[in-house]
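Okay, here's what each chain looks like letter by letter:
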Amino acid sequence: MNSKLRIIVTGLIGQHYALAGVTWDYIQYAIGLKKLGHDVYYFEDTGEWPYTPDGGPTGNEWVAQDCKKNTEHLQAVFSRYGLGDRWAYHFPTKSEWYGLPDQRRKEIIRTADLLINVSGTLENPAGYRAVNCLAYIDSDPGFTQVKLINNDQAFCERVSAHDIHFSFGEQLPVDLFPTDYHWHPTRTPIALSEWRPAKTHNNSYTTIMNWTSYKPLALGNRIFGQKDLEFVKFLDLPRQLPGVPLEVAVAKTQHKNWQSILPGTEQLRFDAPQAMLQHYGWQVIDPAERCGDIDSYRRYIETSKGEWSVAKNGYVVGQSGWFSCRSACYIAAGRPVVVQSTGFEDVLPVGEGVLSFRTLEEAKRAIETIENDYRRHSEAARAIAEDCFKAEKVVSDLIETALNKSTTTPKLQAETL
């Protein structure tokens, strides 16, 4: 599709200004659309109140009283990509808008060809019905479908307000997730020019993660949990690979009421996951200190030798083919990844540059394979990023599917789920 379109992208860049990976997740949509020549804008209208990552002056003031840091971050990020006058942020505490003037923002909504609601971040997508086509991007496959099947009413209404639905779960199993929605496959777009394979790297395999991100969900007798459930299966990996540094950048803030600690596991012996990881030989760093902004986040990935990471337990259970946005950045930087299987082997080339594992022994062998011919795996990693994740191709395919099929796809009501 070659014609210039007016497109709105949504996200959480302002809300999570201290999480650089979140900024990369959403800004690369805007970068890709801009490179294709489209008239692109970014709207953040989540209904989420800004928070203070450090608890504020007293250490226990988690709700921010203003949105200065949020809007300053948005201005800085979008200005560096020539989009400094193309963002709008809604501050729900006082119901105020920042960025684009009100009249301009409303005019953009009235005349937009497409709104790409990445991660379903809009609080009220029905309020954007003036846009020609609303596209929902499910970046959390499995968890999204469980909420729909369990009839989370508010969530169902938000999803059903869209004309067409996409998912990072490129092969969602219909027997596990039977819904009336048709989920078109899509991937995270990566702005390849932003990731530099020529940078010098160290010898560490790293990852950037949260121990838990939200509460586990249940579907019948199946639990869809977080990374804590999976990581404990691989605690012994550093001892299996002496001489290969394994490092984890894991956030200090923990949500113990979200953890799914299994009786008899090593988690019971430690107050925090950092202590447990260090006990087993993992190097542990604070991402806020080492990769807290988009430049240091990129530098951390580029200076790593590669990535080793588990997936959320829900992705492992769901086997939807989900592939991490963060891992896609690693391979774009020419850094091979060894990542836990989520079924992505059926939709992406694996074996060189991207290696999957299900067991501790498979994880060990995959890293040894890369160590034996690093250059080949590094070059293969970048080639996979170019072939499968190039931002211009990903968003172009998304646009074509959305505008060609949304007019023939009936809108679904929450009551049908």
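The structure contained in this document is the topic of the report that follows. On a predicted model such as this, the values are computed, not experimentally measured, just so you know. (Residues numbered from 1 in each chain as written. Predicted model: local features only at pLDDT ≥ 70, side-chain atom pairs only at ≥ 80, totals over all residues. Heavy atoms only, no water.)

## A few points about the nonpolar core
Counting 87 residues, the largest nonpolar core has Phe78 and Phe323 as its most contacted members. The biggest single contributor to this core is helix α1 (residues 20–35), with nine residues. Excluding its chain neighbours within four sequence positions, the residues that come into contact with phenylalanine 323 are Ala328, Ile331, Val337, Val339, Phe344, Leu348, Val354 and Phe389. In terms of nonpolar packing, the next biggest core, distinct from the first, is built from 28 residues, Met276, Leu277, Ala366 and Ile370 among them. (Core = buried A, V, L, I, M, F, W, Y, C linked by side-chain atoms within 4.5 Å. Buried < 20%, exposed > 50% of the residue type's maximum accessible area, 1.4 Å probe, protein only. Helix = DSSP H or I, 4+ residues; strand = E, 2+ residues; numbered from the N terminus. Contact = heavy atoms within 4.5 Å.)

## Concerning the pattern of salt bridges
Considering all chains together, one arrives at 26 salt bridges under this definition. Of the charged contacts in the structure, one is a salt bridge between lysine 305 and glutamate 371, with a shortest N-O distance of 2.8 Å. Of this pair, lysine 305 sits in the loop between α10 (294–302) and β14 (306–309) while glutamate 371 sits in helix α13 (residues 360–372); the two residues are 66 residues apart in sequence, bridging distant segments of the chain. Exposure remark for glutamate 371: the relative accessible area of 33% places this residue in the partly exposed category. Measuring nitrogen to oxygen at the nearest pair gives 3.1 Å for the salt bridge that ties arginine 375 to glutamate 379. (Salt bridge = Lys/Arg side-chain N within 4 Å of Asp/Glu carboxyl O.)

## Here we look at helix α15 (residues 391–405)
Helix length check: α15 (15 residues) gives 21 Å between terminal C-alpha atoms against 21 Å at 1.5 Å per residue, within 8%. Inspection of α15 places Ala391, Glu392, Val394, Val395, Ser396, Leu398, Ile399, Ala402 and Leu403 among the buried residues, and these make up the whole buried set. The inward-facing, buried residues of α15 abut β1 (6–10), α1, β5 (114–118), β6 (134–138), β7 (164–167) and α14 (374–388). (Expected span 1.5 Å × (residues − 1).)

## As for the packing of α1 against α15
Look at α1 against α15: their axes get within 8 Å of each other, and the N-to-C directions meet at 85°. When the axis of α1 is compared with that of α15, the two are roughly perpendicular. In contact with Gln28, Tyr29, Gly32, Leu33 and Lys35 of α1, α15 contributes Ala391, Glu392, Val395, Leu398 and Ile399. Residue composition of the contact of α1 with α15, grouped by class: six nonpolar, two polar and two charged. (Axes fitted to C-alpha atoms, helices over the stretch in contact; angles between N-to-C directions. Parallel < 35°, antiparallel > 145°, perpendicular 65-115°, else oblique. Nonpolar A, V, L, I, M, F, W, Y, C, P; charged D, E, K, R; others polar.)

## What about the sheet that holds strand β13 (residues 283–285)?
Sheet strands pair by backbone hydrogen bonding; their relative direction is either parallel or antiparallel. If you trace the six strands from one edge of the open sheet to the other, you get β13-β12-β9-β14-β15-β16, paired in parallel fashion. Two strands lie at the open edges of the sheet, namely β13 and β16 (354–357), each paired on one side alone. Along the sheet, successive strands turn relative to each other by an average axial angle of 30°, direction set aside. Sheet analysis places strand β15 (residues 337–340) next to β16, joined by four bridges and oriented parallel. (Pairing = 2+ DSSP bridges.)

## Things to note about helix α12 (residues 325–332)
Most of α12 sits out of view: eight of its eight residues are buried. All of the buried residues along α12 are Cys325, Arg326, Ser327, Ala328, Cys329, Tyr330, Ile331 and Ala332. The distance from a side-chain oxygen at the start of α12 to the backbone nitrogen of arginine 326 is 3.0 Å, and the residue carrying that oxygen is serine 324. Of the residues trailing α12, glycine 334 is marked for its positive phi of about 75°. (Polar contact = N/O pair within 3.5 Å; in protein donor to acceptor, adjacent residues only side chain to side chain.)

## A look at the pairing of strand β3 (residues 87–91)
By the criterion of burial, β3 is predominantly enclosed, with five of the five residues buried. Alternating positions in β3 separate into two faces, Trp87, Tyr89 and Phe91 on one and Ala88 and His90 on the other, with burial throughout. Crossover strand β2 (residues 39–44) to β3 through helix α2 (residues 68–80) is right-handed. Where β3 lies against strand β4 (residues 96–99), four bridges are found, and the strand directions are antiparallel. Each residue of the ladder has a partner; that of tyrosine 89, found in β4, is tyrosine 98. (Right-handed = clockwise from strand over helix to strand, strands pointing away.)

## Focus: the sheet that holds β6
In spatial order, the strands read β4-β3-β2-β1-β5-β6-β7-β8; together these eight strands make up an open sheet with mixed pairing. A single partner strand is all that each edge strand has here, and the edge strands are β4 and β8 (183–185). Shown here is a sheet whose adjacent strand axes are inclined to one another by a mean of 25°, direction ignored. Summarising the sheet, β7 and β8 pair through three bridges and their orientation is parallel. Note on β8: the bridge partner recorded for histidine 165 is tryptophan 183. Docked against the sheet, α1 engages β1, β2, β5 and β6, running at close to 170° with respect to β1.

## A short note on the packing of aromatic side chains
For any pair of aromatic rings, the description consists of the separation of the ring centres together with the inter-plane angle of the planes. Applying the stated rule across the entire model yields 21 aromatic pairs. Members of the aromatic cluster, connected to one another through ring pairs, are Phe143, Phe177, Tyr214, Phe224, Tyr315 and Trp322. In this arrangement the basic side chain of lysine 305 is found over the ring face of tyrosine 374, its NZ or CZ atom lying 5.3 Å from the centre. One cation-aromatic arrangement involves lysine 312 over phenylalanine 143; the distance from NZ or CZ to the ring centre is 5.7 Å. (Phe/Tyr/Trp six-rings, centres within 6.5 Å; stacked < 30°, edge-to-face > 60°. Lys NZ or Arg CZ within 6 Å of the ring centre and 35° of its normal.)

## Some details on unusual backbone geometry
In this model, asparagine 151 sits at a positive phi of 60°, which is unusual for a non-glycine residue. Along the polypeptide, asparagine 151 turns up in the loop between α4 (143–149) and α5 (153–160). Positive phi outside glycine occurs at glutamine 319, with the angle close to 45°. Tracing the chain through its elements places glutamine 319 in the loop between α11 (313–318) and α12.

## Digging into the packing of α10 against α12
Across the interface, α10 lies against α12 with an axial gap of 9 Å and an inter-helix angle of 65°. Read as a crossing pair, α10 and α12 show a hand that is right-handed. Residues Tyr297, Tyr300 and Ile301 of α10 form the contact with α12, whose participating residues are Arg326, Cys329 and Tyr330. Residue classes in the contact of α10 with α12 are distributed as five nonpolar, no polar and one charged. (Left-handed = near helix turned anticlockwise from the far one by under 90°.)

The values are spatial; any link to function lies outside them.
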